[in-house]
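# Topology and contacts: notes
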Amino acid sequence: IQFSVNAGNDFSRVAISNFIARLGETELNLDVSAHRIGDELQARINGLASNIEIESLAHFWPNSLGLETREWVTTNIRKGKVDRVSVKMVAQTPIQKMDSFRVHSLSGGIDFSNLEVEYFKGFPKVRDIEGTATFTKDRLDFDVVSGRLLNLEIDNGVVHLSQLDSDEEQISIDLVAQGPLATALSLANREPLGFVGGLGIDPATVGGEMEARLGFQFPLRADVKLSQVNVVGAANLDGVNIKPGPFGLELSDSNLELKVSNSVLKVSGQAEINGVPLVVDWHEIFASGEGFRSRYILNGELEALNFRQLGLPFVPPFGGRTELNLIITRFDDGRTEVLGSSDLNDVVLSFPKIGWVKPAGQSGTFRFGLTSFADGSMQVERFDLLAGDIDATGELSFEGGDHESWSAKFSKFKVGNTDIRGQVSL
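The following paragraphs examine the structure supplied in this document. From a predicted model like this one, the values you see are computed outputs, not experimental measurements. Along each chain, residues carry numbers from 1 onward, in the same order as the chain's sequence is written. Reporting in this predicted model follows two pLDDT cut-offs: at least 70 for local features of residues, and 80 or more for side-chain atom pairs to be given and counted; totals over whole chains, interfaces and linings ignore these cut-offs and use all residues. For the side-chain quantities, the full set of heavy atoms in the structure was used; hydrogens and water were omitted.

### Observations regarding the environment of Gly-208
Take Gly-208: it is sitting in strand β11 (residues 206–219). Working definition: with a 1.4 Å probe on protein chains only, accessible area under 20% of the residue-type maximum means buried, over 50% means exposed, and in between means partly exposed. A relative accessible area of 22% places Gly-208 in the partly exposed class. Sequence spacing of Gly-208 and Asp-253 is 45 residues, and the spatial spacing of their C-alpha atoms is 8.4 Å. When near neighbours in sequence (up to four residues on either side) are disregarded, Gly-208 contacts Gly-179, Pro-180, Leu-181, Asp-238, Gly-239 and Val-240. Note on conventions: DSSP H or I runs of at least 4 residues are helices, E runs of at least 2 residues are strands, and numbering of each starts at the N terminus. Two residues form a contact once any of their heavy atoms are found within 4.5 Å.

Following this line, the structure appears as structure tokens:
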């Protein structure tokens, strides 16, 4: 340790310059100027340190200097290295009690490498963090250049710790990460988040890659609850495979966009559901009192066989392809409602028992509303078929787990000059 001291005016002014301390690989440099104000001493300190191992950081950081920041950093960052730290501070202390100084202003910067940081209790640590940080009396801001969370790579991000001079300390995290989707979902399913458990998705069954921007804001408390965590995120999902997925359906070779917050998850894009190519718009509601839990809007061109693949009833029998629009809504009581409509212009419809055929190229529409109940039963509460000279409205009931047996009740059935009402069973 070496330094120079200049004192004047009966030690009412003191300047410590060229203070250099070398402790192993760590080097400290300080310049201090202080002057007496009554029974107190006010000091201006400029400091620079290099090569500090995180494990020994607490030894160089005075207990009374940025107490809240010091506690969070030394508790949650246990490994790594501070390559360089600079400090500018103005403080005042009673002369008779020099360790009771009050900080009037504080600022500085940090260069760090290979940090290991804990952010949620029980979550895997973020490792190999490289970047810089700045701090003041009441906040600490990290600019992350790179890092790693399990097998997710963090490309860049920022972490803000604010209100550190109060009892309402906050942290906000904004990260860009990429890697396996299964890893991201398993993290989103941990407490206090628990986002995935209610979606009918097991993260271990999910394949595909993601690139995401994720943001979290929550109080700096060990007992933080989900209601206190503000979450926002957006991600591109490539090559997604889920077997099985929601409703027992399988997703394969799907490219999707995801947005998530505390109250809702939204997924949209091109997907293959049970092998059927569809455009998907999925909303999952986390907040209560919204009237439904899940809603899927599906669009695509389907053949008759595709209805079976999607678990929809084989109604009506047709040939060719039709543009189908589906809205599938799931409720908390286990009930699922399906609203569907299709354009029958390119479809061949035939009912041999009544000798009726609609050729391709003749306009037509088909609409239906279906309810599936928790016990597996299913009912088409209304269907409307308008094609050629047929105009039919009715309802369908299914029996048996395979839904092969059904009965149709027609409130309207017009074919040409024939106008009847009645019931048909098969």
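There is more to say after this.
### With respect to the packing of aromatic side chains
Centre distance within 6.5 Å is the pairing criterion for rings of Phe, Tyr and Trp, where only the six-membered ring of Trp is used; planes under 30 degrees apart are then read as stacked, over 60 as edge-to-face, and the remainder as tilted. Counted under the stated rule, the structure contains seven aromatic pairs. With a centroid separation of 5.8 Å and an interplanar angle of 25°, the aromatic rings of Phe-3 and Phe-19 are classed as stacked. Remark: Phe-19 occurs in strand β2 (residues 13–23) and Phe-3 occurs in strand β1 (residues 2–8); sequence separation between them is 16 residues. Aromatic side chains Phe-351 and Trp-356 sit 5.6 Å apart centroid to centroid with 35° between the ring planes, which places their arrangement in the tilted category. With a relative accessible area of 24%, Phe-351 lands in the partly exposed category. Judged by its relative accessible area of 5%, Trp-356 falls in the buried class. In this structure an aromatic cluster arises from ring pairing among Phe-383, Phe-410 and Phe-413. The ring of Phe-292 has Arg-295 sitting right over it, with the charged end atom 4.2 Å from the ring centre. Placement of a positive charge over a ring is assigned whenever Lys NZ or Arg CZ falls within 6 Å of the ring centre and within 35 degrees of the normal to the ring plane.

Read these as layout, nothing more, since geometry by itself doesn't imply function.
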